[in-house]
Amino acid sequence: MKLRNIVYSAAMAAVAIFFGSCTPIDEDKRLIEVEKPQAQRAVLIEDFTGQWCPNCPNAADETESLMETYGSDVIIPVAIHSGPQGFPGGTDDMPGLMTDLGNTYYNAYGIEYQPQGVVDKGGKQAYTAWAASVRNELQKTALLSIKIDNDYSETTRQLTIQTTLESVKGIEGVSGKLQLWLVEDGIKSIQVMPDGSYNQAYIHNHVFRDAVNGTWGEDVSLSEGIPTEIKHTYAIPSNWKPNHVSVVAFVYNDSGVLQVAKKAIIDNSSN
């Protein structure tokens, strides 16, 4: 009898535990909702390149690989044609892509050779080190969001850019400089290849064209919960293809690039 009673008591205890575990819980106590981050971190790669640089296509391939890995909204490369291996001038059929402003950045960073680049303004390095730097930057918290709204007139070739900046929740007092760059994809022109050959039909992407708001941008200061809207206008030159042009907007300070975004000036998604 004692054994039967022990078994019975144990069974009843198990039943009590089972039903006790299914006791209804108030809906507002069941789950603790975790807020989603307000901004996805993105990374800027400044690729100092040149059309007479035989190793520069390898660096371009590296940026494309990083974009395939992380997404084109996360990895934002800008190919800055500059330096002794850059090609100025050229012709309509074979344009040179080097710019005076690109050379200003080249000299400011003290670029020693090409290809060499800068990831989120963290210092110059060989393209073989970019992947590790990108992984490191993606571990950082985004302090702000950047939204770009473009309004382009095909008739006047006038571009109006509205940039909206907002610090993420819990981040107060973000300050730095807002820089707006214009880049162009799909430019066919000459490029020296790694085997020493000359490819006259090479397609250059992410090509730095100009800065909209000055060489080093403009000062911005953000307060939590208060979006900051800034407008700029720019006349797109006649030799640029507007459907291949994008705005790259980023905020940076002494610690590096805080956030970066990119948007085409013409929405091609419906084409």
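Here's what I pulled together on the structure shown here. (Residues numbered from 1 in each chain as written. Predicted model: local features only at pLDDT ≥ 70, side-chain atom pairs only at ≥ 80, totals over all residues. Heavy atoms only, no water.)

## Quick notes on the pattern of salt bridges
With the rule as written, the count across this model stands at nine salt bridges. Between Asp-120 and Arg-41 there is a salt bridge whose closest N-O contact spans 3.3 Å. Here Asp-120, found in the loop between strand S3 (116-119) and strand S4 (124-125), pairs with Arg-41, found in the loop between helix H2 (27-30) and strand S1 (43-49); they are 79 residues apart in sequence, far enough to count as distant. Among the residues examined, Asp-120 registers a relative accessible area of 2% and is labelled buried. Assessed through its relative accessible area of 9%, Arg-41 is described here as buried. Bridged by salt links that share partners, the residues Arg-41, Asp-120, Glu-137 and Lys-140 form one connected network. (Salt bridge = Lys/Arg side-chain N within 4 Å of Asp/Glu carboxyl O. Helix = DSSP H or I, 4+ residues; strand = E, 2+ residues; numbered from the N terminus. Buried < 20%, exposed > 50% of the residue type's maximum accessible area, 1.4 Å probe, protein only.)

## Some remarks on helix H3 (residues 56-70)
With 15 residues, H3 extends 21 Å between its outermost C-alpha atoms, agreeing within 8% with the 21 Å of an ideal straight helix rising 1.5 Å per residue. The inward-facing, buried residues of H3 contact S1, strand S2 (75-81), helix H5 (130-138), strand S8 (187-192) and strand S9 (198-204). (Expected span 1.5 Å × (residues − 1). Contact = heavy atoms within 4.5 Å.)

## Describing helix H4 (residues 100-109)
Residues of H4 that are buried include every one of Leu-101, Gly-102, Asn-103, Tyr-105 and Tyr-106, and no others. Buried-residue contacts for H4 involve S1, S2, strand S7 (174-184) and strand S10 (207-211). Residue Gly-110 follows H4 closely and has a positive phi angle near 65°.

## Quick notes on the packing of H3 against H5
Running from N to C, H3 and H5 point in directions that differ by 35°, and their axes come no closer than 11 Å. Along this stretch, H3 crosses H5, giving a crossing that reads as right-handed. Contacts between H3 and H5 involve Ala-59, Glu-62, Thr-63, Leu-66 and Tyr-70 from the first element and Trp-130, Ala-131, Val-134, Arg-135 and Leu-138 from the second. Per-class residue counts for the contact of H3 with H5 are seven nonpolar, one polar and two charged. (Axes fitted to C-alpha atoms, helices over the stretch in contact; angles between N-to-C directions. Left-handed = near helix turned anticlockwise from the far one by under 90°. Nonpolar A, V, L, I, M, F, W, Y, C, P; charged D, E, K, R; others polar.)

## Let's talk about the side chain of Glu-46
Looking at the element boundaries, Glu-46 is found in strand S1. At a separation of 3.3 Å, a polar atom in the side chain of Glu-46 contacts the side chain of Lys-121. Apart from the residues within four sequence positions on either side, Glu-46 is in contact with Val-78, Ile-80, Tyr-109, Gln-116, Gly-117, Val-118, Lys-121 and Trp-181. (Polar contact = N/O pair within 3.5 Å; in protein donor to acceptor, adjacent residues only side chain to side chain.)

## Some remarks on the pairing of S9
Along any regular strand the residues' side chains alternate between the sheet's two faces. Where S8 meets S9, five bridges bridge the pair, whose relative direction is antiparallel. If you follow Ile-187 over to S9, its bridge partner there is His-204. Here S8 folds back onto S9 in antiparallel fashion, the turn holding five residues, of which Gly-196 has a positive phi close to 90°. (Pairing = 2+ DSSP bridges.)

## Topic: the state of the cysteines
Summed over the entire model, instances satisfying the criterion amount to one disulfide. The disulfide partner of Cys-53 is Cys-56, and the S-S distance across this bridge is 2.2 Å. The S-S bond linking Cys-53 to Cys-56 shows a torsion near 90°; that makes this disulfide right-handed. Residue Cys-53 shares its accessibility class with Cys-56, and that shared class is buried. (Disulfide = S-S within 2.5 Å.)

## Here we look at the sheet that holds strand S5 (residues 144-152)
Judged by pairing direction, the sheet is antiparallel, and its three strands sit side by side in the order S5-S6-S12 without closing on themselves. What marks the edges here is a single partner per strand, and that holds for S5 and strand S12 (228-235). Ignoring which end each strand starts from, the neighbouring axes of this sheet average 20° apart. Across eight bridges, the pairing between strand S6 (residues 158-167) and S12 is antiparallel. By the bridge assignment, Ile-161 is partnered in S12 with His-232.

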